[in-house]
Amino acid sequence: MTPTSPAATRPADVDTAPSRTAAAPRRRRRYGAPAVLLTPFFVLFTGATLIPIGYAVHLSLYAEHRSGLGFGGSETVFTGLGNYTRALGDAAFRGGFVNLAEYCLLYIPLMIGLALVLALLLDSALVRARRFFQLALFLPHAVPGTIAALIWVYLYTPGISPVIGALDSIGAQADLLGHPLAAVVNMAVWEWTGYNMVIFFAALQAVPREVLEAAVVDGAGPLRTALSIKVPLIRSSLAVVGLFTVIGSLQLFTEPMILHGTTPSVVSAWSPNMYAYTAAFERHDYGLAAASSVLLALAAAVLSFVVTRATRGRGEGRKGRTAHRTESAA
């Protein structure tokens, strides 16, 4: 057996060295471009999201104490979880979550169901002037939320509202301001139905036409086609809209805040966001406001996780049942 000399291996090392040198610039180019493109996003995300969240958590751990009768200076004291305990122990804060839960149970199914029905109607062959109806249904979302809330307050107020006047003239008494939950839900449904309808309609346009034609050939009517073909095929859009609607519902603030200035039935802590606003800008208790905001953010994160897992589990279950039927048929 002839031993291998170092000189015999030197040409191989010389041959591989240029390839390694050339691979380094390629790797830099491969990872450099994504890094440059993603840097502005991460800078904005850090400045607009991570830093404010961190500052809110920092504020929630401190409280300002005044000595004597309040004429002296204030002192910032570390309280740990004291502000969280105060928020959770406050009946007004818990009552805001009760109002929010009732709002979500009424608003989310009503709005998503109405948006889906309108999208299915626009996607059907029976509707004419689709462009006009899309624009007309989307226009309420184009109105700023504060202006929309002021318009609805005008329509809710007895004595000046033409709607209330027309109802009174036929003997139908309606005290919309006395029932703030229905009033707030109506305002939110009016504002967001058209927006989500556009999302559903865009998803329906992506449904393969040959699938719908095959359903018609098999004898499926418009209602059966909508429920058994179209709705299952846009399930991912339904899940996304449901997730964003849950997150947006937890941030409820504008509509009840506008109603708060017109009716005593909407108190200053009607929703958790209003509770945090009142604590910060009326009572100047920034620690309590930050703690309540952090608790609301945690609730939103938990609900988002639950909605995501629920929709994902349903999707995987349907895929499994479809695959089982296909294998059985084969």
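Residues numbered from 1 in each chain as written. Predicted model: local features only at pLDDT ≥ 70, side-chain atom pairs only at ≥ 80, totals over all residues. Heavy atoms only, no water.

### Considering the nonpolar core
Selection criterion: Take the buried Ala, Val, Leu, Ile, Met, Phe, Trp, Tyr and Cys residues and link them wherever side-chain atoms come within 4.5 Å; each set so joined is a nonpolar core. Residue exposure (1.4 Å probe, protein chains only): buried if accessible area is under 20% of the type maximum, exposed if over 50%, otherwise partly exposed. Helix and strand definitions follow DSSP, with helices as H or I runs of at least four residues and strands as E runs of at least two, each counted in order from the N terminus. Contacts are assigned to residue pairs with any non-hydrogen atoms lying within 4.5 Å of each other.
Counting residues in each nonpolar core, the largest one holds 44 residues, and the members touching the most others are L100, Y103, Y107, Y156, F200 and L259. When residues of this core are traced back to their parent elements, those giving at least two are α3 (91-123), α5 (145-156), α7 (180-205), α9 (222-233), α10 (235-250) and α13 (286-329). At twelve residues, the largest contribution of residues to this core is made by α3. If sequence neighbours within four positions are ignored, F200 has contacts with I112, A115, L116, A119, S237, L238 and V241. Formed by twelve residues, the second largest nonpolar core is a distinct cluster that contains A87, L288, A291 and L295.

### Observations concerning the pairing of strand β2 (residues 74-78)
Heads up, the rule is: Two strands qualify as a pair provided that DSSP identifies no fewer than 2 bridges between them.
Along β2, only zero of the five residues are buried, which leaves the element largely exposed. Pairing analysis gives five bridges linking strand β1 (residues 62-66) to β2, with the strands arranged antiparallel. Counted as the bridge partner of H65 is E75 from β2.

### Quick word on the side chain of N83
Note the following rule: Polar contact criterion, stated in full: a pair of N or O atoms within 3.5 Å, where within protein one must be able to donate a hydrogen and the other to accept it, and residues adjacent in sequence count only if both atoms are side-chain atoms.
In this fold, N83 is placed in helix α2 (residues 82-89). Using a relative accessible area of 1% as the deciding quantity, one classes N83 as buried. Among the polar contacts listed, one links the side chain of N83 to the backbone oxygen of Y62, at a separation of 2.8 Å. Within the structure, N83 has its side chain in polar contact with the side chain of R86 (distance 3.0 Å). The contact partners of N83, leaving out residues within four places of it in the chain, are L59, S60, L61, Y62, A63, G287, L288 and A291.

### Some remarks on the confidence of the model for the protein
The condition is simple: Confidence scores here are pLDDT values: one per residue, from the predictor, ranging 0 to 100.
A residue-level look at the protein finds 83% of positions with pLDDT of 70 or above and a mean pLDDT of 83. Between residues 319-330, whose pLDDT stays under 50, and residues either more than four places distant or in other chains, the model counts zero contacts.

### So, the pattern of salt bridges
Threshold: Salt bridges, as used here, are contacts in which a Lys or Arg side-chain nitrogen is within 4 Å of a carboxyl oxygen on Asp or Glu.
Inspection of the entire model under this criterion finds two salt bridges. A salt bridge links D285 to R86; its shortest N-O distance comes to 2.4 Å. Remark: R86 occurs in helix α2 and D285 occurs in the loop between α12 (272-281) and α13; sequence separation between them is 199 residues. Classification of R86 by relative accessible area gives partly exposed; the value is 39%. A salt bridge links K230 to D123; the shortest N-O distance between them is 2.8 Å. A residue pair is termed long-range when its members are at least 10 positions apart, and K230 in helix α9 and D123 in helix α3 qualify at 107 residues. Here the two residues K230 and D123 agree in accessibility, since each one is buried.

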